[in-house]
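One-letter residues, chain by chain:
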Amino acid sequence: MDQPVSNPKMEPSLRAALNATPEELAASTDLSTGTNAADGLWEVIVLYSGTADALKLTFPEYVITILLGNYAILRLPEAAIPSLASSPIIIYIERSRRLFFEVLNGKRSSCITSLQENTATSLSGRGVLVSVIDSGIDYKHPDFRNADGSTRIAELWDQTIAADPTLGNFPPEGYSLGTLFSRDRINAALSAATPEEQYELCSSIDTSGHGTHVTGIAAGNGRASDGVYRGIAYEATLLIVKLGSPDPKGFPSTTQLMQAVDYSVRYAIAHNLPLVINLSFGNTYGSHSGTSLLETYLNTVSDLGKINIVVGSGNEGNNSGHTGGRIRPSESRKQEFSIGDYESSLSIQIWKNYWDDIRFSLLPPASAAPISIPAMPGSWRFQTGNTQILIYYGEPSPYSLFQEIYIDLLPEQNYIQSGVWTLSLTAQSVTNGIYDLWMPAGALRGFSTQFLTPTPEITLTIPSTAAKVITVGAYDASTNTPAPFSGRGFTWNTNQIKPDIVAPGVDIISCAVGGGYEARSGTSMATPFVSGSAALLMQWGILENNDTFLYGEKMKAYLIRGARRLPFAETYPNEQTGWGALCVSASLPP
């Protein structure tokens, strides 16, 4: 047994990471997120008390990015994190997480076409700011330009391009990463004589095409298709953030996402614009009950202005990465999971109520001796064959009643032991006996690595479980059938209704890098349908004085009011579709 870093102001997996050796961190695809091998610094999210100036004065030696609502991001040495946690002005600390794209003709099925074509309404998103936080944008695409060729983008913050004052590259004021490209600079690039000059003026590129596709659904104007593939809020002003990717595999993290949201909200407030933020990223780490600092931060900023934050429910519905159930007093049961060949590591989270006494043991493949997990807070190590097992037995936090047991399987050399593993549960004394297990998102593991008795419920990705965001699932609008990949609800233990609604997310045609169009599927594609629709409703309500308070929870209420029931769902609300399918025209009062 190790003597763990155990300050309860640090979330359990941060404590697990601090108790891991450098070799274990390097081998873990999860625990290493937020660490930087180049400079040895860690990036953490904090909730603090007092003023931002007091935080900076207390920790002058660290790089601090102040966010709205007494949240901040700190970069500091690993050895300094325990003393940071011991400071009385620090309320809680979490490490950053990896985020994953939610990727795998819906306007008419979403009751949008009539609003765009009706001369009485003629809603286009005019005067509303749509912020797309994603993989960037092909700013040269005709659908993101006005009739005179100028850009519709107010600003483009590329977090991946290092600031360089000699090139005129600076991050937004108050932030320390990336380069901000203004409207004037983008227009200058669009007017440049050669591609080389264009690149010198604005070097931001959407390498995956994901952000370009998402932005096209939310707000493309269809100029490259004579309006055939026009998006929803086609006259909205665009604010674009390309998320940074400190991860060697190219995945951004929650700290970059929080800064992007913070920047978007500050811009909207400074320019007095109604704002819709589109988030098509997520991860599976956390209790799925809406209590992480990322989720509480989104709840906080949702109340700061005329803001709607729209988040995809994720694509983990049929990825076999979740299982769970309810165990009765004195009952024993087993949960089996398989690990495919050539897995370099795997983490599993077990979540339960703190007051339920459930004992756990882990049986590796072809082994007769199960490993008993000590039922007490702490950090533990075990060895089986070519696999090292790290276990952190957590405690509830100031923001959560729930308890996590975190398991990380690491290789002795290259790969962890494949085969069928068995997790045994024995109930000692339980009140409700709820337990749930999650693996990382499907993008991080092989197809054969899965729970053998998976359950598709509570496969929402985080932060779609935040209470005040509009959570969007996907369905196939061409057949009015479910999208099997779509993450489902409700939230774990708290039973909040998520997703709120569903929108078309299968074979959606939208903008492609290079000026054309392509089809993509996923809740990433469903989310901008709702983001664009929220912009239309904000134009109608706020800017045209039909309802000047049409944002936040009121926007969610309008969308739920208009939601269309689908033939495959018998009851509403339900875990798969929430309150039903997006139908914007029905959301407007008669």
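To keep things clear, this report deals only with the structure shown in the data block. Keep in mind it's a predicted model, so treat the numbers as computed, not measured.

Another aspect to go through is the overall build of the chain. Tallying secondary structure elements over the chain gives 14 helices and 28 strands in all. Taking 590 residues into account, the globule formula puts the C-alpha radius of gyration at 25 Å, and the chain, at 24 Å, falls close to it. Once the C-alpha set of the chain is aligned to its principal axes, its extents read approximately 70 × 60 × 45 Å. In the chain, which comprises 590 residues, the proportion classed as buried is 61%. One finds the centroid of the 38 positive side-chain charges in the chain at a distance of 6 Å from the centroid of its 54 negative side-chain charges.

This paragraph deals with the sheet that holds strand S13 (residues 322–326). Pairing in this open sheet of six strands is antiparallel, and the strands run S13-S22-S15-S20-S19-S18 from one edge to the other. Whereas interior strands pair on both sides, the edge strands pair on one side only; in this sheet they are S13 and strand S18 (378–384). Mean inter-strand twist for the sheet, computed between neighbouring axes without regard to direction, equals 15 degrees. Note that S13 and strand S22 (residues 434–438) share five bridges and pair antiparallel. Paired with Arg326 across the two strands is Ile434, which belongs to S22. Contacting S18, strand S19 (387–393) and strand S20 (402–411), helix H1 (residues 12–19) crosses the sheet at an angle of about 135 degrees to S19.

Turning to the nonpolar core, a few remarks are in order. Residues Tyr139, Val530 and Leu582 are the most contacted members of the largest nonpolar core, which totals 56 residues. The greatest single-element share of this core, amounting to 11 residues, is contributed by helix H12 (residues 523–543). Leave out the neighbours within four places in its chain, and Val530 touches Val310, Ile470, Val472, Ile501, Ala503, Leu559 and Leu582. Counting residues in each nonpolar core, the second largest holds 39 residues, with Leu47, Leu67, Ile73 and Ala260 among its members.

Strand order across the open sheet formed by five strands is S17-S16-S21-S14-S23, with antiparallel pairing between neighbours. Of all the strands in the sheet, just strand S17 (371–373) and strand S23 (450–451) have a single pairing partner and so form its edges.

Before going further, it helps to examine H12. Taking 1.5 Å of rise per residue, the 21 residues of H12 would be expected to cover 30 Å, and the 29 Å separating its terminal C-alpha atoms lies within 8% of that figure. With respect to burial, H12 is a largely interior element, 20 of its 21 residues being buried. Directly after H12, the chain includes Asn545, whose backbone phi takes a positive value near 60 degrees.

Along any regular strand, the residues point their side chains to alternate faces of the sheet. With seven of its seven residues buried, strand S24 (residues 470–476) lies for the most part within the structure. Taking every second residue as pointing to the same face, both faces of S24 are buried, with Ile470, Val472, Ala474 and Asp476 on one and Thr471, Gly473 and Tyr475 on the other. In this structure, strand S12 (residues 307–312) lies alongside S24, joined through three bridges in parallel fashion. Along S24, the bridge assignment pairs Gly312 with Val472. By the bridge criterion, four bridges tie S24 to strand S26 (residues 501–504) in an arrangement that is parallel. Looking across to S26, one finds that Gly473 is bridged to Val502. With two bridges connecting them, S24 and strand S25 (residues 481–482) associate as antiparallel partners. Among the inter-strand pairings, Tyr475 is bridged to a residue of S25, identified as Pro482. Connecting the antiparallel pair S24 and S25 is a turn made up of four residues, with Asn480 showing a positive phi of about 55 degrees.

At a minimum axis separation of 11 Å, helix H10 (residues 254–270) and helix H11 (residues 293–302) run at an interaxial angle of 5 degrees. Taken as axis vectors, H10 and H11 run roughly parallel relative to one another. Across the interface between the two elements, Thr254, Leu257, Met258, Val261, Asp262 and Val265 of H10 pack against Leu293, Leu294, Tyr297, Leu298 and Val301 of H11. For the contact of H10 with H11, the class distribution of residues is nine nonpolar, one polar and one charged.

This part is about the pairing of S22. With five of five residues buried, S22 is to be regarded as a mostly interior element. Where burial is concerned, the two faces of S22 agree: the one with Ile434, Asp436 and Trp438 and the one with Tyr435 and Leu437 are both buried. Bridging between strand S15 (residues 346–353) and S22 involves four bridges; their strand directions are antiparallel. Within the sheet, the bridge partner assigned to Ile350 lies in S22 and is Leu437.

Reading the values: rules and limits
Residues numbered from 1 in each chain as written. Predicted model: local features only at pLDDT ≥ 70, side-chain atom pairs only at ≥ 80, totals over all residues. Heavy atoms only, no water. Helix = DSSP H or I, 4+ residues; strand = E, 2+ residues; numbered from the N terminus. Rg over C-alpha atoms; globule rule 2.2 N^0.38 Å. Buried < 20%, exposed > 50% of the residue type's maximum accessible area, 1.4 Å probe, protein only. Lys, Arg positive; Asp, Glu negative; His and termini not counted. Charge placed at Lys NZ, Arg CZ, Asp CG, Glu CD. Pairing = 2+ DSSP bridges. Axes fitted to C-alpha atoms, helices over the stretch in contact; angles between N-to-C directions. Contact = heavy atoms within 4.5 Å. Core = buried A, V, L, I, M, F, W, Y, C linked by side-chain atoms within 4.5 Å. Expected span 1.5 Å × (residues − 1). Parallel < 35°, antiparallel > 145°, perpendicular 65-115°, else oblique. Nonpolar A, V, L, I, M, F, W, Y, C, P; charged D, E, K, R; others polar.

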